[in-house]
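Working through the structure, step by step
Residues per chain, in single letters:
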Amino acid sequence: VSTQSTGADCRDLYNQPQHQLSLNKHSSVELGKPGFDATVEALPPAPRERRGDRCEKRSIIFTKTHKTGSSTITNILLRYGETAGLSQLLYSYPSSTEYRSLADFKLMAGRPMADIFSQHAMYNDEFLSAHIRGNPIRFTILRSPVSQFISAYSFFNKTKHYPANSFEESIKAFLRAHSQYLTKTWFCKNCQNLVNSNAIDMGFKMEGYVKSPNREDYLTEFISAADKKWDLVLITEHFDLSLVLLKRRLCLHTEDILYLKSLERIKRDTVEEPYTLARIGEIQHIDQALYDHFNATFWREVANEEGIMEELAEFQQLNKAVQSFCVQGSKRGYHGTYENVLAPRARDNFQCLAMNTRCLPFAQHLEARDDIAVTEEQRQELRDQDNDPDSLSYDQLVSLPKDSHLLELVYRSRLKH
């Protein structure tokens, strides 16, 4: 198993095929790197907006899980809020990537209620219900726990706590150090955002589990309650299909769920030994039970969606064409990854820029615009820091038209050729 980690970031994608782009010899971008694809088949007809029988416009609570591709979904929801005129529940400016418990004093000033929440936080249903309008749809995304652990172990650089001759030997040292976890103790040193983190993101209490006289009943009751609480649970291993299903549930348009592939890690860490993989599965016991349950519910949802596989094929063709339209190459960038270099025509297109912007700067720009406690001096400081032409700047967020008709531009571009 290899890491396909792409960072706690708005553009993290997994297990996607990569291709090469041939540019002229004077190009300043790197060739043959992940993150872009100029080999695009003939486009399908303009997408038919099939919404599904259970489509309903509602406010949104997205439970953002770690190392699952969740930041790509947060990016989709941040963009959707801008194009649909919906407000985001955000932290006070400038927010950070800190893993947060929710509290009123942490929210930005002047917005006690909003339409969408999609930031990292330990799930608190009472708090979110009090701050999100109406009857929100609740959804999240889960990833196979073994690959999620390996990805998180690499991304959060846990090898520094358990130095060894190889990545896999470091994981073995970690596993030896935590041999009593979930049997005699709930304490897990250096485990934050790593071990059973998806269950913790959804509100699971490890202390309650270990102290319970019947641990499996405790776990079963949590999964049963989660099944009632979350209206939809997506699966990372079927990311594009998950997006099409989400589009149908949220009454979205195809343009709303487009994304750019990026942030492929330059160095891929691997775990090969079956015993090590099995031990990871054991320590990820809670997440594994959660994943097994919701993977089954996901496929039951898909089975009830007429024509969804045809829509999936169309979406993948369109998304590939959008990648080709917006992106001309890649560069070395954030957290040991390749980042996209946008084509010149994409650098004044809101959708291309927004899709290529990481979650933290995206959220901070929204906070700077909407937080009534932010001063003009702070906004100017933010402007002065906006030096990446491939990412959405504060001034672009404020001034660019949000409805950039991206798919229309893609079709016109293809017709010219």
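Check the entry above for the structure.
Every chain begins its residue count from 1, and numbering advances along the sequence as written. Side-chain atom pairs in this predicted model are given and counted only at pLDDT of 80 or more, local residue features only at pLDDT of at least 70, and totals for whole chains, interfaces and linings cover all residues. Heavy atoms from the whole structure form the basis of all side-chain values; hydrogens and water molecules are not counted.

1. Re the packing of aromatic side chains
Spelled out, the test is: We call Phe, Tyr and Trp rings a pair once their centres come within 6.5 Å, taking the six-membered ring for Trp, and we label the pair stacked below 30 degrees between planes, edge-to-face above 60, and tilted otherwise. Burial classes follow relative accessibility: with a 1.4 Å probe on protein chains only, a residue under 20% of its type's maximum area counts as buried, one over 50% as exposed, and anything between as partly exposed. Two thresholds decide whether a charge sits over a ring: the Lys NZ or Arg CZ must be within 6 Å of the ring centre and within 35 degrees of the ring normal.
This structure, assessed with the given rule, holds 15 aromatic pairs. With a centroid separation of 6.3 Å and 65° between ring planes, the pair formed by Tyr209 and Tyr218 is classed as edge-to-face. Its relative accessible area of 26% is what places Tyr218 among the partly exposed residues. Three or more aromatic residues joined by ring pairs form one cluster here, namely Phe149, Tyr153, Tyr162, Phe167 and Phe174. Here the guanidinium or amino end of Lys67 rests over the ring plane of Phe155, the centre of that ring lying 4.0 Å away.

2. Points about helix H3 (residues 145–155)
Quick reminder of the rule: A run of H or I in DSSP becomes a helix once it reaches four residues, and a run of E becomes a strand once it reaches two; helices and strands are each numbered from the N terminus. It only takes one pair of heavy atoms within 4.5 Å for two residues to be counted as in contact.
Along H3, eleven of the eleven residues are buried, which leaves the element largely enclosed by surrounding structure. Turning to H3, its buried residues number three or more, namely Pro145, Val146, Ser147, Gln148, Phe149, Ile150, Ser151, Ala152, Tyr153, Ser154 and Phe155. Elements that come into contact with the buried residues of H3 comprise helix H4 (167–177), helix H5 (197–201), helix H9 (274–283) and helix H10 (285–303). At the exit of H3 stands Asn157, carrying a positive phi of roughly 55°.

3. Details of the packing of helix H8 (residues 239–250) against H10
Inclusion rule: Here the axes come from fitting lines to C-alpha atoms, over the contacting stretch only for helices, and the angles between their N-to-C directions go from 0 to 180 degrees. Angles are sorted into four bins: roughly parallel if under 35 degrees, roughly antiparallel if over 145, roughly perpendicular if 65 to 115, and oblique for all others. Take the far helix as the reference: if the near one is turned anticlockwise from it by less than a right angle, the crossing is left-handed, and if turned clockwise, right-handed. Under this grouping Gly is polar, as are all residues other than the nonpolar Ala, Val, Leu, Ile, Met, Phe, Trp, Tyr, Cys and Pro and the charged Asp, Glu, Lys and Arg.
Running from amino to carboxyl end, H8 crosses H10 at an angle of 60°, the nearest separation of the two axes being 11 Å. Our classification of the angle between H8 and H10 gives oblique. Where H8 crosses over H10, the two elements pack in a sense that is left-handed. Residues Leu241, Ser242, Leu245 and Arg249 of H8 form the contact with H10, whose participating residues are Phe298, Trp299, Glu301 and Val302. Of the residues that constitute the contact of H8 with H10, the class distribution is five nonpolar, one polar and two charged.

4. Comments concerning the state of the cysteines
Such a bond, covalent and formed between the sulfur atoms of two cysteines, is termed a disulfide. Spelled out, the test is: When two cysteine sulfur atoms are found within 2.5 Å, that pair is recorded as a disulfide.
This structure, assessed with the given rule, holds two disulfides. With a sulfur-sulfur separation of 1.7 Å, Cys188 is cross-linked through a disulfide to Cys191. Judged by the sign of its S-S torsion, about -45°, the cystine formed by Cys188 and Cys191 is left-handed. Overall, the relative accessible area of 14% leaves Cys188 in the buried class. A sulfur-sulfur distance of 2.1 Å marks the disulfide that ties Cys326 to Cys352. Measuring handedness by torsion sign, the sulfur bridge of Cys326 and Cys352 sits at about -60° and is left-handed.

5. Comments concerning the nonpolar core
Quick reminder of the rule: Here the nonpolar core consists of buried residues drawn from Ala, Val, Leu, Ile, Met, Phe, Trp, Tyr and Cys, with membership extended through side-chain atoms lying within 4.5 Å.
Among the nonpolar cores identified, the biggest contains 104 residues, and Ile73, Phe139, Phe174 and Cys326 are the most heavily contacted of them. At eight residues, the largest contribution of residues to this core is made by helix H11 (residues 308–326). Residue contacts for Cys326: discarding those within four places in its chain leaves Leu260, Leu342, Ala343, Ala346, Cys352, Met355 and Leu406. Counting residues in each nonpolar core, the second largest holds five residues, with Tyr93, Val374, Leu382 and Tyr394 among its members.

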